[in-house]
Amino acid sequence: MDKMKLRRELLAARGFLSPEQLRVNAAKVRETLLDQPWAQMAGLVACYWSTGAEPETHGLVFALWKHGATVILPVLREDDDLDWAVYDGPDTLAPGRFGIMEPVDTRRGVDAIRTAALVIVPALAVDRKSGVRLGRGGGSYDRALARVGPNVPTVALLHDGELIDDVPAEPHDQRVRWAVTPRELTRLM
Ligand SMILES: Nc1ncnc2c1ncn2[C@@H]1O[C@H](COP(=O)(O)OP(=O)(O)OP(=O)(O)O)[C@@H](O)[C@H]1O
Ligand SMILES: [Mg+2]
């Protein structure tokens, strides 16, 4: 199956998730992640500010920040690469490109992700065998994940049913090392 067709199917399925289901999923994913020592100990965490039916991260970002981590969030550049800026509480975000909320703080540059001890990314699906990740189609996270060191946990957040077989992969596609669904945490590579 090609990427476009798979994206359409996955986005359509997300469209059926109720606000209540999204809340329940977010709470389970957040609890699973915050239970992991490697997540609790990370001093610098790269995460994302969810939008629409993406696995919701607002409570997760807030909790990480409250526990003392520095959380950086993406700032989408004109060339679709990801710059990064520090989250400093719920009042420090403003809409960026496509209306996605971004920190208003100073931009730290595309290489800021290199220093993160934990990297949490959105995905539409992840391949359960290889960790290959399917995104929304901008290639933004392919560029960002290529900068992350080999020993850093990279985690994709998913809804149930999105950890699947045979995600189509191109040479530039980056893998993730972990996937979290509301049901389980899976080590991929
Ligand atoms: N390192 C890169 N530099 C420049 N362009 C890239 C890079 N990686 C991927 N792209 C381009 O981005 C486009 C979209 O890639 P792809 O279909 O893999 O997106 P995606 O992984 O679903 O999106 P995202 O990474 O934003 O979640 C492709 O045309 C690809 O060539
Ligand atoms: Mg890709």
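Residues numbered from 1 in each chain as written. Chains lettered and ligands numbered in written order. Predicted model: local features only at pLDDT ≥ 70, side-chain atom pairs only at ≥ 80, totals over all residues. Heavy atoms only, no water.

## Brief notes about the overall build of the protein chain
- When helices and strands are counted, the protein chain shows five helices and twelve strands.
- Compactness check: the protein chain gives a C-alpha radius of gyration of 15 Å against a globular reference of 16 Å for 189 residues, within 12% of the reference.
- Each of the three principal axes of the protein chain carries a C-alpha extent, and together these read 40 × 35 × 35 Å.
- Burial status across the protein chain gives 52% buried among its 189 residues.
- If you take every contact in the protein chain between residues at least 6 apart in sequence, the share linking residues at least 24 apart comes to 66%.
- When the accessible surface of the protein chain is totalled, it reaches about 9200 Å², and 52% of it is carbon and sulfur. (Helix = DSSP H or I, 4+ residues; strand = E, 2+ residues; numbered from the N terminus. Rg over C-alpha atoms; globule rule 2.2 N^0.38 Å. Buried < 20%, exposed > 50% of the residue type's maximum accessible area, 1.4 Å probe, protein only. Contact = heavy atoms within 4.5 Å. Areas by Shrake-Rupley, 256 points an atom, 1.4 Å probe, with all protein chains shown as cover.)

## Structural notes on the coordination of the magnesium ion (ligand 2)
- Protein coordination of the magnesium ion (ligand 2) is provided by D142 (OD) and D173 (OD), with donor distances spanning 1.9 to 2.1 Å. Of this pair, D142 sits in helix 5 (residues 140-145) while D173 sits in the loop between strand 10 (163-164) and strand 11 (178-180), and the two are 31 residues apart along the sequence.
- Under the relative-accessibility criterion, D173 is labelled buried at 10%. (Donors = N, O, S within 2.8 Å, 3.2 Å for Na, K, Ca; no water.)

## Let's talk about the layout of surface pockets
- Its volume calculated, the largest pocket comes out at about 660 Å³.
- For the lining of the largest pocket, the secondary-structure elements that each account for two or more residues are helix 1 (3-14), strand 2 (70-76), strand 5 (101-103), strand 8 (133-134) and helix 5.
- For the lining of the largest pocket, the per-class residue count stands at 13 nonpolar, seven polar and twelve charged. (1 Å grid on protein atoms, 1.4 Å probe; cavity = no way out; pocket = protein on both sides within 12 Å on 5 of 7 lines; lining within 4 Å. Points joined across faces, edges and corners; volume = space filled by probe spheres on them. Nonpolar A, V, L, I, M, F, W, Y, C, P; charged D, E, K, R; others polar.)

## Remarks on the sheet that holds strand 7 (residues 125-127)
- Taking strand neighbours across the sheet as the criterion, the three strands line up as 8-7-10 in an open arrangement whose pairing is mixed. Two strands bound the open sheet, and with one partner strand each, they are strand 8 and strand 10.
- As judged from the two bridges shared by strand 7 and strand 10, these two strands associate in the parallel manner. Residue pairing in the sheet places D127 in a bridge with I164 of strand 10. (Pairing = 2+ DSSP bridges.)

## Quick notes on the site of ligand 1
- Near ligand 1, the surroundings consist of 14 residues, among which R7, R133, S140, H172 and D173 are the closest.
- Within the contact set of ligand 1, an oxygen atom lies 2.9 Å away from a backbone nitrogen or oxygen of G135.
- Burial of ligand 1 by the protein amounts to 67% of the accessible area it has alone, namely 650 Å².
- Of all elements in the fold, only helix 1 and helix 5 reach the threshold of two or more residues within the shell around ligand 1.
- Considering every element that reaches the shell around ligand 1, the biggest residue donor is helix 5, with four residues.
- The residue makeup of the shell around ligand 1, split by class, is one nonpolar, six polar and seven charged. (Near = heavy atom within 4 Å. Polar contact = N/O pair within 3.5 Å; in protein donor to acceptor, adjacent residues only side chain to side chain.)

## Considering the packing of helix 2 (residues 19-34) against helix 4 (residues 58-66)
- Contact pair helix 2 / helix 4: the axes reach a minimum separation of 9 Å and the direction vectors enclose 30 degrees. With respect to helix 4, the element helix 2 is oriented roughly parallel. Two packed elements cross with a definite hand, and for helix 2 against helix 4 that hand is right-handed. Judged by residue contacts, R30, L33 and L34 of helix 2 engage G59, L60, A63 and L64 from helix 4. (Axes fitted to C-alpha atoms, helices over the stretch in contact; angles between N-to-C directions. Parallel < 35°, antiparallel > 145°, perpendicular 65-115°, else oblique. Left-handed = near helix turned anticlockwise from the far one by under 90°.)

## Comments concerning the sheet that holds strand 9 (residues 154-157)
- The seven strands are arranged 3-2-1-6-9-11-12 in an open sheet whose pairing can be described as mixed. Pairing within the sheet leaves two strands with one partner each, and these edge strands are strand 3 (82-86) and strand 12 (185-187). On average, each strand axis in the sheet is tilted by 25 degrees relative to the strand beside it, whichever way the strands run.
- Relative to strand 9, strand 6 (residues 118-122) is paired through four bridges, and the arrangement is parallel.

Keep in mind that these numbers describe shape and distance, not what the molecule does.
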